[in-house]
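Architecture and fold: a report
In case you want the letters, here they are:
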Amino acid sequence: MDVPAKVHVRTTINGQPQEFLVPPYMSLLDTIREIAGLTGTKEGCLDGNCGACTVNVDGRIVDSCLVLGAEVDGKNVTTVEGLATRDGLHPLQQAFLEEAALQCGICTPGFLVAAKGLLDNEPKPDEGRIRHWLAGNLCRCTGYDKIVRAVQKAAAAT
Amino acid sequence: MHPFAYVAPKTVDEAVAVLEKHGERARPIAGGTDLLVQARGGRFDLDAVVDIKKIPELVSIKNDDSGLEFGAAVPCYQLYENPELSAEYPGLMDAASLIGGIQIQSRAGLGGNLCNSTPSGDGICPLIVHYGTAVIAGPSGRRELPVEDFCTGPGRNDLKQGEMLVSLKFPKPSSTFGAAYERFIPRNEMDIAVAGVAASVELDSGGNIAKARVALCAVGPTPILAEAAGAALVGKSADDEAAIEAAGAAAAEAASPISDMRGTVEQRKHLVDVLTKRMVKKAVERARS
């Protein structure tokens, strides 16, 4: 059969304007990794359960495996690479390090982007709110307590 | 995954034209949280996905004195983050705030949940107890269908070739209306209902139940409007324990669950009974506040 024509996408990723052609059936996850070359965003379950591929699109966190690259035309995308600045790590990244909130690290970019989505809108969430917000992110190593403590620490530091 | 084209029309007519042309081999994409998983899993091969989010009518919310109407592509968070809606349509808010996690709620909506037509869809029973109507567009124009008649089997619904859901609309609830939805899952979040129940009541000036609906999730091939459960409440005092017991029993009777990895027939019927009583009481409490 005919291969569907690629889609022209103009988007902003981590503040940088980007323009590329994407296969219409390619996920945003693969678009970010394969086309934009940003491999911080991880593939986990590929069906919306684990949150490892979480990115921020226009201020909302989404599972990038369940978004098409073609859908982000005209939108603002933030990945884990967009968190640190030239002055250093984002407070969440620093807190994750200090609290040992990661072991194998595959879920970490998703947790960081998801947690930033919370703190951007609610700077001082309580523990219950943090746990509820992060229910869409799975970690098989840490047991979550260290992650929650890291988010609390980052929230207290900012 | 079968390679498909991406089409993002600006009008319902253009979207319908693409859907009609491709038939079974095209589907609308709203949140994509079911569609992309199913396409990847090989449930169907698509030649085109039709992104309906560029159509203004599909992403708008209209709430006025005549009622509420929201587009089929409106995501969950836009409902529950709207304080005006959350006070008036509590059953819809219960569903919108428990489907998936925050990431899913950024994209998924109640329109897509209805079109996916899974018996365990958390969003469908709340639409039914809020007396929802599906507005459908197709090659021969528009039609309306009560939500309780929309689903026809697991993953199947009344949409014909070339048709798509445009919006969902609801009559304005009276000040003495209340509704609630809850499901049983073995975890706190991010799971598929073993059984779920939505209930709504409208109280008359004497505090009796004037209208009532009970709808059941994950206990039959489609979501079930348990009419006998609603009827058991009408005309009774909102505090009538015997009537609420009768509604629970009638709902359990209306359920026709299967035993599978999530639960047994007996457990599901028991859950329907318990959840019905809880949801009626919660709906009454909300009707009074």
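Residues numbered from 1 in each chain as written. Chains lettered and ligands numbered in written order. Predicted model: local features only at pLDDT ≥ 70, side-chain atom pairs only at ≥ 80, totals over all residues. Heavy atoms only, no water.

**Observations regarding the overall build of chain B**
Scanning chain B from N- to C-terminus turns up eleven helices and 14 strands. In terms of C-alpha radius of gyration, chain B reaches 19 Å, essentially the compact-globule figure of 19 Å for 289 residues. Across its three principal directions, the C-alpha atoms of chain B cover 55 × 45 × 35 Å. The 289 residues of chain B split such that 56% are buried. (Helix = DSSP H or I, 4+ residues; strand = E, 2+ residues; numbered from the N terminus. Rg over C-alpha atoms; globule rule 2.2 N^0.38 Å. Buried < 20%, exposed > 50% of the residue type's maximum accessible area, 1.4 Å probe, protein only.)

**Details of the interface of chain A and chain B**
Taken together, the contact pairs 29 residues of chain A with 28 residues of chain B. Across the chain A to chain B interface the summed buried area is about 2,400 Å²; carbon plus sulfur atoms make up 62%. The largest contributions to the chain A side of the interface with chain B come from Arg60(A), Leu66(A) and Glu71(A), which together make up 27% of the buried area. There are three salt bridges connecting chain A and chain B. The salt bridge partner of Glu71(A) is Lys53(B), with a shortest N-O separation of 2.5 Å. Across the contact surface, chain A and chain B share nine residue pairs in polar contact (both at pLDDT 80 or more). If you list the elements that add at least two residues to the side of chain A that touches chain B, you get β4 (60–63) and α4 (127–133) of chain A. Considering each element in turn, the side of chain A that touches chain B owes the most residues, four residues, to β4(A). (Contact = heavy atoms within 4.5 Å. Buried area = accessible area lost by both parts, 1.4 Å probe. Salt bridge = Lys/Arg side-chain N within 4 Å of Asp/Glu carboxyl O. Polar contact = N/O pair within 3.5 Å; in protein donor to acceptor, adjacent residues only side chain to side chain.)

**Things to note about the packing of aromatic side chains**
Tallied over the entire structure, the rule returns four aromatic pairs over all chains. Through a chain of ring-to-ring contacts, the aromatic side chains of Phe70(B), Tyr89(B) and Phe170(B) assemble into a single cluster. Against the face of Tyr77(B) rests Arg60(A), its NZ or CZ located 3.5 Å from the ring centre. The ring of Tyr131(B) is capped by Lys211(B), whose NZ or CZ atom sits 4.4 Å from the centre of that ring. (Phe/Tyr/Trp six-rings, centres within 6.5 Å; stacked < 30°, edge-to-face > 60°. Lys NZ or Arg CZ within 6 Å of the ring centre and 35° of its normal.)

**Details of the domain arrangement of chain A**
Residues and elements named next belong to chain A. Under the domain assignment, chain A is made up of domain 1 (7–82) and domain 2 (91–157). Summarising the inter-unit geometry, the C-alpha centres of domain 1 and domain 2 are found 21 Å apart. Each partner contributes to the interface: domain 1 provides 13 residues, whereas domain 2 provides twelve residues. Of the roughly 1,000 Å² buried at the junction of domain 1 and domain 2 (both faces included), carbon and sulfur atoms supply 64%. Across the domain 1-domain 2 interface, the total number found is zero salt bridges. Viewed at the interface, domain 2 and domain 1 are joined by three residue pairs in polar contact (both at pLDDT 80 or more). Here the element with the most residues in the side of domain 1 that touches domain 2 is strand β3 (residues 54–57); it accounts for three residues. Among the residues forming the side of domain 1 that touches domain 2, the class breakdown is five nonpolar, seven polar and one charged. (Domains from an automatic or database assignment. Nonpolar A, V, L, I, M, F, W, Y, C, P; charged D, E, K, R; others polar.)

**Concerning the environment of Ile124(B)**
Turning to its location among the elements, Ile124(B) is positioned in helix α8 (residues 124–129). Among the residues examined, Ile124(B) registers a relative accessible area of 0% and is labelled buried.

**Some points on the side chain of Gln38(B)**
With respect to the secondary-structure elements, Gln38(B) resides in helix α2 (residues 35–40). If we ignore the near neighbours within four places in the chain, the residues touching Gln38(B) are Arg43(B), Phe44(B) and Asn116(B).

**A closer look at the environment of Arg131(A)**
Residues and elements named next belong to chain A. As for its position among the elements, Arg131 is in helix α4. Using a relative accessible area of 33% as the deciding quantity, one classes Arg131 as partly exposed. Between the alpha carbons of Arg131 and Ala155 there is a distance of 14 Å; along the sequence they are 24 residues apart. Those residues within four positions of Arg131 in sequence are excluded, and the remaining contacts are Tyr144, Asp145 and Val148.

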